[in-house]
Amino acid sequence: GWEFRGRVDYNEWYASGTYSPKDNVIRSLPAQAILSGSYANLRVGDRIESIPRYTASTTLGYSGFKTQANISSTMQGNYRGYDGMSGWERLYGIPDFFGPTPAGRDIEFPAWVKYDFNIAHQVLPQLQGFLRIQNLFDNRVVEGYRNDKPEGGRIFTIGTRWTNY
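Rules used in this analysis
- Residues numbered from 1 in each chain as written.
- Predicted model: local features only at pLDDT ≥ 70, side-chain atom pairs only at ≥ 80, totals over all residues.
- Heavy atoms only, no water.
- Helix = DSSP H or I, 4+ residues; strand = E, 2+ residues; numbered from the N terminus.
- Buried < 20%, exposed > 50% of the residue type's maximum accessible area, 1.4 Å probe, protein only.
- Contact = heavy atoms within 4.5 Å.
- Areas by Shrake-Rupley, 256 points an atom, 1.4 Å probe, with all protein chains shown as cover.
- Pairing = 2+ DSSP bridges.
- Axes fitted to C-alpha atoms, helices over the stretch in contact; angles between N-to-C directions.
- Patch = residues over 30% accessible without salt bridge, like charges linked within 9 Å, V, L, I, M, F, W, Y side chains within 5 Å.
- Salt bridge = Lys/Arg side-chain N within 4 Å of Asp/Glu carboxyl O.
- Phe/Tyr/Trp six-rings, centres within 6.5 Å; stacked < 30°, edge-to-face > 60°.
- Lys NZ or Arg CZ within 6 Å of the ring centre and 35° of its normal.
- pLDDT = per-residue confidence, 0-100.

1. Looking at the overall build of the protein
For the protein, the count of helices and strands is 1 helix and 9 strands. A buried classification covers 27% of the 165 residues belonging to the protein. Restricting to contacts in the protein with at least 6 residues of sequence separation, those with at least 24 account for 54%. Here the protein has roughly 11,100 Å² of accessible surface; of this, 58% comes from carbon and sulfur atoms.

Encoded structure:
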């Protein structure tokens with residue numbers, strides 16, 4: 001695959017980003033290929049499971065007198081994945097979040113974007129205070145291989161760093 005990167009600086013401000021398109025389509029299969037498990041039904045032209053169409057990130061930051069701050073985003077394109085929830089319904093009678101589906105069916109998971117915010121301030125030469133907010137807008141999406149449940153919500157971290165030097 002490819003990855004494209006860029007960065008622009010202007011005084012105390014900077015912006016950076018990455019973009020990685022992914023080609024996950026099966027072009028050919030050997031005539032004697034024996035596929036098993038979730039790959040048993042793959043055919044030429046199908047997309048490989050759990051590989052998003054793209055991944056990307058952006059960051060806008062500031063680094064001024066005693067303070068650093070940034071807001072960043074992480075993006076992932078839609079991808080084909082195993083519908084683990086239909087297996088829960090079949091085994092345990094738990095309703096399927098995606099509607100009635102045959103057990104073990106692959107479905108299309110949507111693209112998503114999450115934002116993080118970080119700020120740090122140098123209070124004393126040895127003391128820094130910081131705040132980090134992960135998943136700033138509380139986007140509850142299914143990520144990567146964790147197709148059986150949405151990822152957790154917003155996380156706040158506040159603290160101090162003491163440096164002895």
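Having put the structure on the table, let's press on.
2. Some words on unusual backbone geometry
One non-glycine residue with positive phi stands out, namely Asn 135, at about 60°. Note on placement: Asn 135 falls in the loop between strand S8 (127–134) and strand S9 (155–162). Taking the relative accessible area as the measure of exposure, Asn 135 reaches 6% and is therefore buried. At Asp 138, a residue that is not glycine, the phi angle is positive and equals roughly 55°. Residue placement: Asp 138 occurs in the loop between S8 and S9.

3. Structural notes on the sheet that holds strand S2 (residues 13–21)
The strand order across the open sheet formed by 7 strands is S1-S2-S3-S4-S7-S8-S9, and the pairing between neighbours is antiparallel. Bordering the open sheet on either side are strand S1 (4–10) and S9, each of which pairs with just one other strand. Neighbour-to-neighbour, the strand axes of this sheet turn through a mean angle of 10°, independent of strand direction. The sheet contact formed by strand S7 (residues 112–122) and S8 spans 6 bridges and is antiparallel. Across the sheet, residue Gln 122 finds its bridge partner in S8, namely Gln 128.

4. Some thoughts on a nonpolar patch on the surface
On the surface, Tyr 10, Trp 13, Leu 60, Ile 71, Tyr 115 and Phe 137 cluster together into a nonpolar patch covering about 650 Å² of accessible area. Position of Trp 13 among the secondary structure elements: in strand S2. Judged by relative accessible area, which is 44%, Trp 13 ranks as partly exposed.

5. Side note on the packing of aromatic side chains
Counting across every chain of the model gives 5 aromatic pairs. Plain terms: the ring middles of Trp 13 and Tyr 62 are 5.0 Å apart, the flat faces sit at 55° to each other, and that makes the pair tilted. Of this pair, Trp 13 sits in strand S2 while Tyr 62 sits in strand S3 (residues 54–64), and the two are 49 residues apart along the sequence. On the basis of relative accessible area, Tyr 62 is assigned to the partly exposed category, the value being 26%. Directly above the ring of Phe 130 sits Arg 161, whose terminal nitrogen or CZ lies 4.3 Å from the centroid.

6. Focus on the environment of Trp 112
One can find Trp 112 in strand S7. Here Trp 112 falls in the buried class, since its relative accessible area comes to 9%. Separated by 38 residues in sequence, Trp 112 and Thr 74 have C-alpha atoms that sit 8.3 Å apart.

7. As for the confidence of the model for the protein
Across the protein, pLDDT averages 82, with 75% of residues at or above 70. Per-element confidence in the protein ranges from a low mean pLDDT of 59 for helix H1 (residues 84–92) to a high of 98 for S1.

8. Comments concerning the pattern of salt bridges
Here the structure, examined in full by the defined rule, presents 4 salt bridges. Arg 5 serves as the salt-bridge partner of Glu 3, at 2.6 Å between the closest nitrogen and oxygen. Close ionic contact of Arg 27 with Asp 23 constitutes a salt bridge, the shortest N to O distance being 2.3 Å. Summarising the burial analysis for this pair, Arg 27 and Asp 23 share the class exposed.

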